[in-house]
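Here's the letter readout for the chains.
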Amino acid sequence: MRLDRYLSKTLRVSNKQVKLWLESGQVALDNSPCAQGEVVINRFSRIRVDGRLLPHDTPLYLLMHKPAGVLSATKDRQHTTAIDLVKAQYPQLDTSDVHLAGRLDRATTGLLLLTNDGAWSKALTRPEQKIPKTYLVTTEQPIPGEARDRFAKGVWFEREGVTTAPAQLQQLSSNQARLTIYEGMHHQVKRMFALYHNPVVALHRERMGNIALEPQLAEGQCRPLSRQEIEGV
Ligand code: URA
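Remember, predicted model here, so these are calculated numbers, not experimental data. (Residues numbered from 1 in each chain as written. Predicted model: local features only at pLDDT ≥ 70, side-chain atom pairs only at ≥ 80, totals over all residues. Heavy atoms only, no water.)

In this structure, what is going on with the sheet that holds strand S4 (residues 52–53)? I would like to understand it.
The strands making up a sheet associate through backbone hydrogen bonding, with each pair oriented either parallel or antiparallel. Judged by pairing direction, the sheet is antiparallel, and its four strands sit side by side in the order S2-S1-S3-S4 without closing on themselves. The sheet terminates laterally at strand S2 (32–33) and S4, the two strands that pair on one side only. Two elements, strand S1 (residues 27–29) and S2, share two bridges in a ladder whose sense is antiparallel. The residue of S2 that forms the bridge with Leu-29 is Ser-32. Sheet strands in contact with helix H1 (residues 3–11) are S1, strand S3 (47–49) and S4, and its direction is about 60° off that of S3. (Pairing = 2+ DSSP bridges. Helix = DSSP H or I, 4+ residues; strand = E, 2+ residues; numbered from the N terminus. Contact = heavy atoms within 4.5 Å. Axes fitted to C-alpha atoms, helices over the stretch in contact; angles between N-to-C directions.)

Hey, could you run me through the environment of Met-185 in this one?
When you line up the elements, Met-185 lands in the loop between strand S12 (176–181) and helix H6 (188–194). Judged by relative accessible area, Met-185 falls into the buried class, the value being 17%. Sequence-wise, Met-185 and Leu-54 are 131 residues apart; in three dimensions their C-alpha atoms are separated by 41 Å. When residues no more than four places from it in sequence are discounted, the contact partners of Met-185 are Phe-157, Glu-160, Val-162, Thr-164 and Arg-191. (Buried < 20%, exposed > 50% of the residue type's maximum accessible area, 1.4 Å probe, protein only.)

Would you mind going over the packing of H1 against helix H2 (residues 15–23) with me for this structure?
When two helices pack together, their arrangement is given by the angle between their axes and by how far apart the axes lie. With their axes 9 Å apart at the nearest point, H1 and H2 run at an angle of 120° to one another. Here H1 lies oblique to H2, going by the angle between them. Crossing angle aside, the handedness with which H1 passes H2 is right-handed. Contact residues: Leu-3, Asp-4, Leu-7, Ser-8 and Leu-11 in H1; Asn-15, Val-18, Trp-21 and Leu-22 in H2. Within the contact of H1 with H2, the residues separate by chemical class into six nonpolar, two polar and one charged. (Parallel < 35°, antiparallel > 145°, perpendicular 65-115°, else oblique. Left-handed = near helix turned anticlockwise from the far one by under 90°. Nonpolar A, V, L, I, M, F, W, Y, C, P; charged D, E, K, R; others polar.)

Please explain the domain arrangement of the protein as it appears in this structure.
Interfaces are often described in size by the accessible area the parts lose on coming together. You can read the domains of the protein as domain 1 (3–53), domain 2 (61–125 + 217–231) and domain 3 (132–208). Placing a centre on the C-alpha atoms of domain 2 and another on those of domain 3 gives a separation of 23 Å. Of the roughly 810 Å² buried where domain 2 meets domain 3, counting both sides, 49% is carbon and sulfur surface. Put simply, domain 2 and domain 3 have one salt bridge between them. Across the pair Lys-190 and Asp-105 runs a salt bridge, and its minimum N-O distance is 2.6 Å. Joining domain 2 to domain 3, the criterion identifies seven residue pairs in polar contact (both at pLDDT 80 or more). (Domains from an automatic or database assignment. Buried area = accessible area lost by both parts, 1.4 Å probe. Salt bridge = Lys/Arg side-chain N within 4 Å of Asp/Glu carboxyl O. Polar contact = N/O pair within 3.5 Å; in protein donor to acceptor, adjacent residues only side chain to side chain.)

Would you take a moment to explain the site of the ligand for this structure?
Around the ligand, the neighbouring residues are Leu-104, Asp-105, Thr-108, Tyr-135, His-187, Gln-188, Val-189, Lys-190 and Leu-203. One nitrogen or oxygen atom from the side chain of Thr-108 is found 2.9 Å from an oxygen atom belonging to the ligand. A distance of 3.1 Å is found between a nitrogen atom of the ligand and a backbone nitrogen or oxygen belonging to Val-189. Surface burial for the ligand is 95%, taken as the share of its 240 Å² of free accessible area covered by protein chains. It is H6 that provides the largest number of residues to the shell around the ligand, a total of three residues. Across the shell around the ligand, the residue classes break down as four nonpolar, three polar and two charged. Both domain 2 (61–125 + 217–231) and domain 3 (132–208) contribute no fewer than three residues apiece to the shell around the ligand. (Near = heavy atom within 4 Å. Areas by Shrake-Rupley, 256 points an atom, 1.4 Å probe, with all protein chains shown as cover.)

Laid out in structure tokens, this is it:
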């Protein structure tokens, strides 16, 4: 929404009054004077008129170390959800708008991002954005040597009618590899290994773009993202 429309709507004043405030330097946006009514603001913009701060939301960006068995969901009757864990750690927090920026299967562990900023999560999960996601994969059977080249060429997914973006597979041992993919299709990693009839027995997300899960963050715990991590998306 434009700043001038927001001011007239929120403070129930005329467009003329808003213009006067803007022109006389009485309006500040994110702590700097702002005279441009046409500037587009969001729900987190900090707007002051004559020094008085107008109501706004507080943006929230969290990284969770998701344990196995926890659902990537906001509500569930049967299973513990990621939001249940956020509430347990931050009981005072308003989690009503908090949602997941990219899901993990229930058995998958590792990096899960949560936010109340819909524009940010959309930017992060847009398929065109091609954000790299790195997983530690453990399989039931040995991983065939040719998987590296096959994944690098892209794999045809019948259901979606797409070929996956070239993925990087780094073999760590006979049954373990680090895999970087660029989409977030349903069960993507498991389906890639299913080409070899090789079930994934453990899957752990280590990284999304410039955001990495550090080993010292205990399972089930969250930490706020840094400014650099938020802005790097
Ligand atoms: N790929 C999968 O198969 N499962 C996940 O949880 C994430 C990626």
